[in-house]
Amino acid sequence: MPRCLHWFAGVLPGLLALGAAVAADPRANAYSAVDPFIGTGGEGHTFPGAVVPFGMVQLSPDTQIRERKQAYGWAAGYRYDDDSIVGFSHTHFSGTGHSDLGDFLVMPIAGEVRLEPGDSASPGSGYRSRFRHDTEKAEPGYYAVALDDYGIAAELTAGQRIGVHRYRFPAGKPAHLLIDMRTSMYDYPGKVLWSRLRLRADGTLTGFRETRGWAPGRQLYFALRVSRPLQGHAFHNTEKDIYYKGFAPPAADDPARRAAIEGRALVGVLNLGPDAGEAVVKVALSPVSEDGALSNLDAEMPGWDFDAVRTAARERWTQALAVFDIDADAAGRKAFYTALYHTLQAPSLFMDSDGRYRGPDHAVHKAEGWTNLSTFSLWDTYRAQHPLLTLIQPEQYSADVVNSLLAARRASAHGILPVWSFHGLETWCMIGYHAVPVIADAYLKGIRGFPADEALEAMVASANYGPYGGIAEYRRLGYVPIDVIGEAASKTLEYAFDDWTIARMAAQMGRTDIAAEFGKRAANWRNAYEPRSGFLRARNSDGSWREPFDPSASGYGTDYTEGNAWQYSWYVPQDIAGLIRLHGGDREFVARIDQVFDAEVDPKQFAHMEDITGLIGWYAHGNEPSHHLAYLYVHAGQPWRTQERLAQIMRSQYAPTPQGLVGNDDLGQMSAWYVFTALGFYPVAPGSNEYVIGRPFLRRAALTLPNGKVFTVRADALDETHTYVGNVTLDGKPLARSVITHEQIRAGGELRFTMQAKPDTRWGTRRSERPYSMSR
């Protein structure tokens, strides 16, 4: 048996035992359908490693550490078409179009230790190791691979605050663990501001680092223990030309005798001896301190039972995924449950076991009676991922989301809600104040457990904060002027939607003054409509349109954020009926939407825009501004056209393969779109409490709701030839409108579709049957 395959002999009994457990538990059918490799190729930017639902640790292999200008393809650290692994780091984003993290990389080594990762094109040039996919395994909460250059079998699992490694080293070679404090996603010289390693008397390694990446001044701490006694260690600082070194500590010139080291380019090596055999390595993270990491380690894993942690991770995922029981073929099950898996990773835990966490003021705070969460990709996730979580997670989770947003605002120097934050820190990435619709959607759905008055105050304060994104001008003019600030058309449209959600929540709370003010602001999208071209465009401060105008232009300096006029001119979720009227009526509006999908567009048009992918004409499914577009035919009284477009999108934009996501998953938004669309409905306007009916792609889906009731979707006669909705009933009665409400879903019951080969051109055509619109 080749040495790199020996690991199977040790791992196989555990796999068989776990397989028997899966077979005995029908809930585990969902778990076994997940393929974490989906999205790890192409531009999905997902990772295959170990994580629990919303866990603080994402322990995963990194295949390249690239300088930030070359790092887009490795935003999650791993790329499926690579053939070597640099190591296993403990923090990763799932599906982002920008990146950071990759904290505390650990690499097991058998034989000679090299301190640099080396070049993937030159095996043996550094500590990285080649691997092959046929020795790789990934499932929710678990990852395994054979490191061919060392003959090491590596396994990973995770808890809420811990990552656990199990390595099987070959006999006869000295075994080592290398801890590289220098590596990071989107790396650049000087990114590590400071770091520390300390070997404690009991053999525990602790440390921290502060980085200046996407989030400035981010601090993270760790504690690491090994199941085998250490035979020695070495601490290295590889930084060159240090201007000021200070006075030398004891053993400064002897890496093997240093008890601690500080600097900007640290590498630690722990020696396990020549016959280490199996070693378990457990690592805990803390946003607060090394002592906090030690406490987290003791709280979550006092012993050394790797399989117990793996089993607990599997149980967490089994419970989270089993909210759905679906009837689909194997490929459909894999695609659906993997999409669901990707929606359940963020916002993620960001606090110690005692409730302490670090806020945007870099100070330590404590959550009392709620769980602090971070990683808010709000420009993406307010559209479908957060609305999905209100249906599939306990209400406490959504309350924790809101409480976390409010706590961040209290500690913010600007006094506003997060825009795009992670590890407690604001990045100022993207546009809008989209924490607002997340809060409003939760409140309007009846979710409580947070201070509503404070929440409304925070929403208003964020919407009125003049220095941010042209809001002062927006309040004065009713639009964001392009001669003052870029991407002004997108800002005007997104601000107007956010304002509408404030009005909705204020009205339900009886705050008629706020409701009236923001209801008026919700109509500001009209100030962007240019009737000659029919596009939503940017104006100058004097009211004139920006000229010259090219509807195909995209990128920084244009009217739009990650899009162009063809992609953004339909972003009025709160008032599609008003937009239809401005276009001249249903027929004219449908013709315009058809122009978007049917245009012949060269993808090279967007070569300068990494995020605009998944093109169908001008429609770009790989980026969020297009996500609601196919559903707008329903608003124009032609649901069958939506059904056609959804089939086109599902067929071309998703596949159960590593390349199965055409664009960044964006912390679960792309996957949430898939989950909703597969069920047969989608939240076009979060805050309306309505889901627009599309068409189902599953024969049956039963959802166990947070209140314990079961909501079932059935699709009779669904197959490749019966793709149109012929009849829709709710609990046996015809569905009166082309929407289903949140209240109807929460009541449980059955939504039943009868599918047919030809479109039904009568249902959903009357204006009274159409989805909500503020000016209907």
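This text follows the structure it describes.
What you see is a predicted model, and the numbers here were worked out from it, not measured in a lab.

**Student:** Pulling in residues and values, what's your account of the overall build of the protein?
**Tutor:** What the protein contains, in helices and strands, is 20 helices and 36 strands. The C-alpha atoms of the protein give a radius of gyration of 27 Å, which matches the 28 Å a tight globule of 776 residues would have. Referenced to the eigenvectors of the C-alpha coordinate spread, the extents of the protein come out at roughly 80 × 60 × 50 Å. By residue count, 65% of the 776 residues in the protein fall in the buried class. Split by element, the accessible area of the protein, about 26,700 Å² in all, is 51% carbon and sulfur. For the protein, the separation between the mean place of its 78 positive charges and that of its 88 negative charges on side chains is 2 Å.

**Student:** Give a detailed account of the pairing of strand β33 (residues 724-730), specifying residues and quantitative values.
**Tutor:** Counting buried residues along β33, 6 of its 7 residues qualify, which places the element largely inside the surrounding structure. Where β33 and strand β36 (residues 749-756) come together, 6 bridges link them in antiparallel fashion. The residue bridging Leu-730 from the neighbouring strand is Leu-751, located in β36. Where β33 and strand β34 (residues 733-734) come together, 2 bridges link them in antiparallel fashion. Within β34, the position partnered with Thr-729 by the bridge is Pro-734. The antiparallel hairpin formed by β33 and β34 contains 2 residues in its connecting segment, where Asp-731 sits at a positive phi of about 55°.

**Student:** So what about empty space enclosed by the protein? Which residues, and what values?
**Tutor:** Tallied over the full model, the rule gives 6 cavities of 30 Å³ or more. Reported here for the largest cavity is a volume of approximately 140 Å³. Considering the residues around the largest cavity, the lining is formed by 17 residues, among which Gln-58, His-92, Gln-345, Ser-348 and Thr-375 are closest to the centre. Residues of the lining of the largest cavity, tallied by class, amount to 9 nonpolar, 8 polar and no charged.

**Student:** Requested: an account of the environment of Glu-426, with residues and values cited.
**Tutor:** Here Glu-426 is to be found in strand β24 (residues 425-426). Along the primary structure Glu-426 and Val-267 are separated by 159 residues, whereas in three dimensions their C-alpha atoms are 29 Å apart. A polar side-chain atom of Glu-426 sits 2.9 Å from the main-chain amide nitrogen of Trp-420. A distance of 3.0 Å separates a polar side-chain atom of Glu-426 from the backbone nitrogen of Trp-428.

**Student:** Report on the pattern of salt bridges, specifying residues and quantitative values.
**Tutor:** Considering all chains together, one arrives at 51 salt bridges under this definition. Two residues, Asp-103 and Arg-218, come together in a salt bridge whose shortest N-O distance is 2.9 Å. With Asp-103 in the loop between β3 (87-89) and β4 (105-110) and Arg-218 in strand β13 (residues 216-226), this pair connects stretches of sequence that are 115 residues apart. One exposure class covers both Asp-103 and Arg-218, and it is buried. A salt bridge links Arg-132 to Asp-134, with the nearest nitrogen and oxygen atoms 2.9 Å apart. On the accessibility criterion, Asp-134 (55% relative accessible area) is exposed. It is possible to trace a salt-bridge network through shared partners that takes in Asp-100, Asp-103, Lys-191, Arg-209 and Arg-218.

**Student:** Which residues make up the layout of surface pockets, and what are the values?
**Tutor:** Within this model, the largest pocket holds a volume of roughly 770 Å³. Looking at the largest pocket, it is lined by 28 residues, and the ones nearest its centre are Gly-332, Met-650, Tyr-674, Phe-697 and Glu-720. For the lining of the largest pocket, the elements supplying multiple residues, two or more each, are α5 (330-343), α18 (639-653) and α19 (669-679).

**Student:** Can you explain the nonpolar core? Please cite residues and give values.
**Tutor:** Among the nonpolar cores identified, the biggest contains 165 residues, and Phe-324, Phe-336, Ile-392, Phe-681 and Leu-751 are the most heavily contacted of them. When residues of this core are assigned to their parent elements, the largest contribution, 11 residues, is made by helix α12 (residues 488-508). Leu-751 has contacts with Phe-681, Ile-693, Phe-711, Thr-712, Val-713, Arg-714, Val-728, Thr-729, Leu-730, Leu-735 and Ile-740, leaving out every residue within four places of it along the chain. Ranked by size, the runner-up nonpolar core spans 59 residues in total, among them Ala-50, Ala-110, Met-181 and Val-267.

**Student:** Tell me what's going on with the packing of aromatic side chains, and back it up with residues and numbers.
**Tutor:** By the definition in use, this model includes 43 aromatic pairs. Ring geometry for Trp-214 against Trp-420: centres 4.4 Å apart, planes inclined by 40°, an arrangement best described as tilted. Residue Trp-214 is found in the loop between β12 (205-212) and β13, and its partner Trp-420 is found in the loop between α8 (395-410) and β23 (421-422); the two are separated by 206 residues along the sequence. The exposure class of Trp-420 is buried, given its relative accessible area of 2%. Here the aromatic cluster, defined as three or more aromatic residues joined through ring pairs, consists of Tyr-631, Tyr-654, Trp-673, Tyr-674, Phe-676, Phe-681, Tyr-682, Tyr-691 and Phe-711. Note that Arg-79 overlies the ring of Trp-74, its terminal NZ or CZ placed 5.8 Å from the centroid. Lying over the aromatic face of Tyr-772, Arg-504 brings its terminal NZ or CZ to 5.0 Å of the ring centre.

**Student:** Which residues make up the environment of Thr-390, and what values do they have?
**Tutor:** Take Thr-390: it is sitting in helix α7 (residues 385-392). Beyond its immediate chain neighbours, meaning those up to four positions away, Thr-390 contacts Ser-398, Asp-441, Lys-445, Ile-447, Tyr-691, Pro-706 and His-742. Within the structure, Thr-390 has its side chain in polar contact with the side chain of Lys-445 (distance 3.0 Å).

**Student:** Mind laying out the packing of α8 against helix α10 (residues 452-463), listing which residues take part and the relevant values?
**Tutor:** Running from amino to carboxyl end, α8 crosses α10 at an angle of 60°, the nearest separation of the two axes being 11 Å. Our classification of the angle between α8 and α10 gives oblique. For α8 against α10, the interelement crossing comes out left-handed. The residues of α10 that touch α8, namely those facing Leu-406, Arg-409 and Arg-410, are Glu-454, Ala-455, Glu-457, Ala-458 and Ala-461.

**Student:** Just give me the short version of the pairing of strand β7 (residues 142-147), but keep the residues and values in it.
**Tutor:** Across the 6 residues of β7, 6 count as buried, placing the element largely inside the fold. By the alternation rule, side chains of β7 split into Tyr-142, Ala-144 and Ala-146 and Tyr-143, Val-145 and Leu-147, which are all buried. Pairing of strand β6 (residues 137-139) with β7 involves 3 bridges; the strand directions are antiparallel. Across the sheet, residue Ala-138 finds its bridge partner in β7, namely Tyr-143. The turn linking β6 back onto β7 is made up of 2 residues, and Gly-141 within it adopts a positive phi angle of 85°. Here β7 pairs with strand β8 (residues 152-158) via 6 bridges, running antiparallel.

**Student:** Can you lay out the sheet that holds strand β31 (residues 700-704) for me, pointing to particular residues and giving the numbers?
**Tutor:** The strands making up a sheet associate through backbone hydrogen bonding, with each pair oriented either parallel or antiparallel. Spatially, the 6 strands line up as an open sheet ordered β18-β31-β32-β36-β33-β34, and their pairing is mixed. Each edge of the sheet is formed by a strand with only one pairing partner; in this case those strands are β18 (324-327) and β34. As paired strands, strand β32 (residues 710-716) and β36 are joined by 6 bridges and run parallel to one another. The residue bridging Ala-715 from the neighbouring strand is Phe-753, located in β36.

Criteria and cut-off values
- Residues numbered from 1 in each chain as written.
- Predicted model: local features only at pLDDT ≥ 70, side-chain atom pairs only at ≥ 80, totals over all residues.
- Heavy atoms only, no water.
- Helix = DSSP H or I, 4+ residues; strand = E, 2+ residues; numbered from the N terminus.
- Rg over C-alpha atoms; globule rule 2.2 N^0.38 Å.
- Buried < 20%, exposed > 50% of the residue type's maximum accessible area, 1.4 Å probe, protein only.
- Areas by Shrake-Rupley, 256 points an atom, 1.4 Å probe, with all protein chains shown as cover.
- Lys, Arg positive; Asp, Glu negative; His and termini not counted.
- Charge placed at Lys NZ, Arg CZ, Asp CG, Glu CD.
- Pairing = 2+ DSSP bridges.
- 1 Å grid on protein atoms, 1.4 Å probe; cavity = no way out; pocket = protein on both sides within 12 Å on 5 of 7 lines; lining within 4 Å.
- Points joined across faces, edges and corners; volume = space filled by probe spheres on them.
- Nonpolar A, V, L, I, M, F, W, Y, C, P; charged D, E, K, R; others polar.
- Polar contact = N/O pair within 3.5 Å; in protein donor to acceptor, adjacent residues only side chain to side chain.
- Salt bridge = Lys/Arg side-chain N within 4 Å of Asp/Glu carboxyl O.
- Core = buried A, V, L, I, M, F, W, Y, C linked by side-chain atoms within 4.5 Å.
- Contact = heavy atoms within 4.5 Å.
- Phe/Tyr/Trp six-rings, centres within 6.5 Å; stacked < 30°, edge-to-face > 60°.
- Lys NZ or Arg CZ within 6 Å of the ring centre and 35° of its normal.
- Axes fitted to C-alpha atoms, helices over the stretch in contact; angles between N-to-C directions.
- Parallel < 35°, antiparallel > 145°, perpendicular 65-115°, else oblique.
- Left-handed = near helix turned anticlockwise from the far one by under 90°.

No statement about biological role is implied by the geometric values presented.
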